[in-house]
Amino acid sequence: MPAKGKHRRPKSSPISRGMVAAGTGGAALAIPLLGATGAHAAVKSAAPAVAPQQAARAASVFVAAPAASPQAAPTTYKVQSGDCLSKIAEDHRLDGWKKLYQDNRAVVGDDPALIRPGMKLTIGAKSHATASHTSTATSHASSAAPATTTSAAKTSQGSASGFRAPLDSVSIGTPYRMAGSMWSSGYHTGVDFEAQTGTTVKAVGAGTVVTAGWGGAYGNQVVIRHADGMYSQYAHLSQIVVSAGQTVTEGQEIGLSGATGNVTGPHLHFEIRTTPDYGSDVDPLAYLRQQGASL
């Protein structure tokens, strides 16, 4: 019970909740105030609302960069006699010989058509999983790179896969697979292009010269191995200007047409083969057209 005659008047803190009248003249406006304790608590209570959002954003950054799907570990293949990049790629179910060449360029060298028995090639795509561990800033910075890379890939692809006719002016004399007893196979194994003696003969595509010299009934001949494992043959030449083992480019002069060997007149006998030897011929014009040559 409170003591008689004494009334305790509660002390009001100057910064506790209350009302302050402010005004001019007779008008006044009541403004509620928050005490320092209440205001401080309000600030603290608002802070936790931001944390979950930051956590969610952080989580989304990690979720957006999933780990790369597992790939089979690369294996090593030892090149055998008669191998070519296209055959190896096909045997190992790879996505074309160009990727195989890019992965092993340090081993093969600048000429993809020149691989030797005993070379050890890496089979299998190289992993790029480390890209998922890069920072967000790095991933944003690299997002502009693919445009330049694609452009460069297109440029290198066009120059690497270019093919053309062996002569600047093409006129066919004897077509491919024409039947006749004058040929030992019973048919013409190539195509004869009409050409006077001394006409410049050019490589239909980039590759490595495997034969450059006398070829019996073919007279002076040149055989070139290309990157896809196919071979082109140029026969009855009057002159040869390349040598075995030499690397040539598309359109490079390899000799002059003539009438050497078993012929009735000057022309260029041209074949596409699956091996460097006689009897492995395929349709030469169809092959060149498939490679993009204009005939």
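Look a little higher up for the structure.
Everything numeric in this text was worked out from a predicted model, so none of it was measured.

### Notes on the overall build of the protein
Line of reasoning, step 1. Of the regular secondary structure elements, the protein holds eight helices and 13 strands.
Line of reasoning, step 2. Taking all 295 residues of the protein together, the buried fraction comes to 31%.
Line of reasoning, step 3. Counting contacts in the protein only where the partners sit at least 6 residues apart, residues at least 24 apart contribute 57% of the total.
Line of reasoning, step 4. For the protein, the exposed surface amounts to about 18300 Å²; the carbon and sulfur share of it is 57%.

### Details of the packing of aromatic side chains
Line of reasoning, step 1. In the structure shown here, the tally under the stated rule is three aromatic pairs.
Line of reasoning, step 2. Measuring from centroid to centroid gives 5.7 Å for Phe163 and Tyr287, while their planes differ by 90 degrees, and the two rings are edge-to-face. Of this pair, Phe163 sits in the loop between helix H7 (145-160) and strand S5 (191-194) while Tyr287 is found in helix H8 (residues 284-290), placing the two residues 124 residues apart along the sequence.
Line of reasoning, step 3. Residue class for Phe163 comes out buried when judged on its relative accessible area of 12%.
Line of reasoning, step 4. Tyr287 gets classed as buried once you look at its relative accessible area, which sits at 6%.
Line of reasoning, step 5. Grouped by ring-pair contacts, the aromatic residues Phe193, Tyr234 and Phe270 constitute a single cluster.

### Focus: the pattern of salt bridges
Line of reasoning, step 1. Summed over all chains, the structure comprises five salt bridges.
Line of reasoning, step 2. The salt bridge involving Lys99 is made with Asp103; its shortest N-O contact spans 2.7 Å. A residue pair is termed a helical-turn pair when its members lie 3 or 4 positions apart in one helix, as Lys99 and Asp103 do in helix H4 (residues 97-103) at four residues.
Line of reasoning, step 3. Overall, Asp103 belongs to the buried group, its relative accessible area being 15%.
Line of reasoning, step 4. Among the ionic pairs, Arg164 bridges to Asp168, the shortest N-O distance being 2.9 Å.
Line of reasoning, step 5. Residue class for Asp168 comes out exposed when judged on its relative accessible area of 60%.
Line of reasoning, step 6. One salt-bridge network, held together by shared partners, links Arg164, Asp168 and Lys202.

### Quick notes on the environment of Ala212
Line of reasoning, step 1. Assignment of secondary structure puts Ala212 in strand S7 (residues 207-214).
Line of reasoning, step 2. Overall, the relative accessible area of 29% leaves Ala212 in the partly exposed class.
Line of reasoning, step 3. Here Ala212 is in contact with Gln221, Val222, Ile240, Val242, Ser243 and Ala244, once residues within four sequence places are set aside.

### Quick look at the nonpolar core
Note on soluble globular proteins: their nonpolar side chains tend to be buried together.
Line of reasoning, step 1. Formed by 24 residues in total, the largest nonpolar core has its most connected members in Val222, Ile224, Tyr234, Ile254 and Phe270.
Line of reasoning, step 2. Those elements that place two or more of their residues in this core are S5, strand S8 (220-226), strand S9 (231-240), strand S12 (267-273) and H8.
Line of reasoning, step 3. Counting residues in hydrophobic clusters, the runner-up holds 14 residues, among them Leu100, Ile115, Leu121 and Ala227.

### A word on a nonpolar patch on the surface
Line of reasoning, step 1. A surface patch of nonpolar side chains, about 220 Å² in accessible area, is lined by Val170, Ile172 and Leu295.
Line of reasoning, step 2. A residue is classified by how much of its surface remains accessible, and Leu295, at 40% relative accessible area, is partly exposed.

### Quick word on the side chain of Glu271
Line of reasoning, step 1. If you trace the backbone, Glu271 turns up in strand S12.
Line of reasoning, step 2. Look at Glu271 and you get buried, because its relative accessible area is 0%.
Line of reasoning, step 3. Within the structure, Glu271 has its side chain in polar contact with the side chain of Thr189 (distance 2.6 Å).
Line of reasoning, step 4. Those residues within four positions of Glu271 in sequence are excluded, and the remaining contacts are Thr189, Gly190, Tyr218, Tyr231, Ser232, Gln233 and Asp281.

### Regarding unusual backbone geometry
Line of reasoning, step 1. One non-glycine residue, Arg93, lies in the positive phi region at around 55 degrees.
Line of reasoning, step 2. Judged by relative accessible area, Arg93 falls into the exposed class, the value being 79%.

### Here we look at the pairing of S8
Line of reasoning, step 1. Of all the seven residues making up S8, seven are buried; the element is thus mostly covered by neighbouring parts of the structure.
Line of reasoning, step 2. Side-chain alternation along S8 places Asn220, Val222, Ile224 and His226 on one buried face and Gln221, Val223 and Arg225 on a second face that is also buried.
Line of reasoning, step 3. Bridge count between S7 and S8: seven bridges; the pairing is antiparallel. Across the sheet, the residue bridging to Ala212 is Val222, located in S8.
Line of reasoning, step 4. Adjacent in sequence and paired antiparallel, S7 and S8 are bridged by five residues, among which Gly216 carries a positive phi angle near 65 degrees.
Line of reasoning, step 5. The antiparallel pairing of S8 with S9 creates a hairpin that spans four residues between the two strands, and Gly229 there sits at a positive phi of about 90 degrees.

About the thresholds
- Going along each chain's sequence as written, the residues are numbered from 1 onward.
- Given that this is a predicted model, residues contribute local features only at a pLDDT of at least 70 and side-chain atom pairs are listed and counted only at 80 or more, while totals for whole chains, interfaces and linings are drawn from all residues.
- Hydrogen atoms and water are omitted, and side-chain values are computed over all heavy atoms in the structure.
- Per the convention used, a helix needs a DSSP run of H or I reaching at least four residues, while a strand needs a run of E reaching at least two, with both numbered from the N terminus.
- Relative accessibility under 20% of the residue-type maximum defines a buried residue, over 50% an exposed one, and the middle range a partly exposed one, all with a 1.4 Å probe and only protein chains included.
- In this description, contact between two residues means that some pair of their heavy atoms is separated by no more than 4.5 Å.
- For every accessible area listed, the method is Shrake-Rupley and the probe measures 1.4 Å; residues are considered covered only by the protein chains on display.
- Side-chain rings of Phe, Tyr and Trp, where Trp is taken by its six-membered ring, are said to pair if the distance between their centres is within 6.5 Å; with planes under 30 degrees apart they count as stacked, over 60 as edge-to-face, and otherwise as tilted.
- When a carboxyl oxygen of Asp or Glu is within 4 Å of a side-chain nitrogen of Lys or Arg, the pair counts as a salt bridge.
- Here the nonpolar core consists of buried residues drawn from Ala, Val, Leu, Ile, Met, Phe, Trp, Tyr and Cys, with membership extended through side-chain atoms lying within 4.5 Å.
- In this analysis, a patch consists of residues with relative accessible area above 30% that form no salt bridge, clustered at 9 Å for like charges and at 5 Å for the nonpolar side chains Val, Leu, Ile, Met, Phe, Trp and Tyr.
- Identification of polar contacts relies on pairs of N or O atoms within 3.5 Å, with a donor-acceptor requirement for protein atoms, meaning one able to donate a hydrogen and the other able to accept it, and with residues adjacent in sequence counted only if both atoms are side-chain atoms.
- For two strands to be treated as a pair, DSSP must find no fewer than two bridges joining them.

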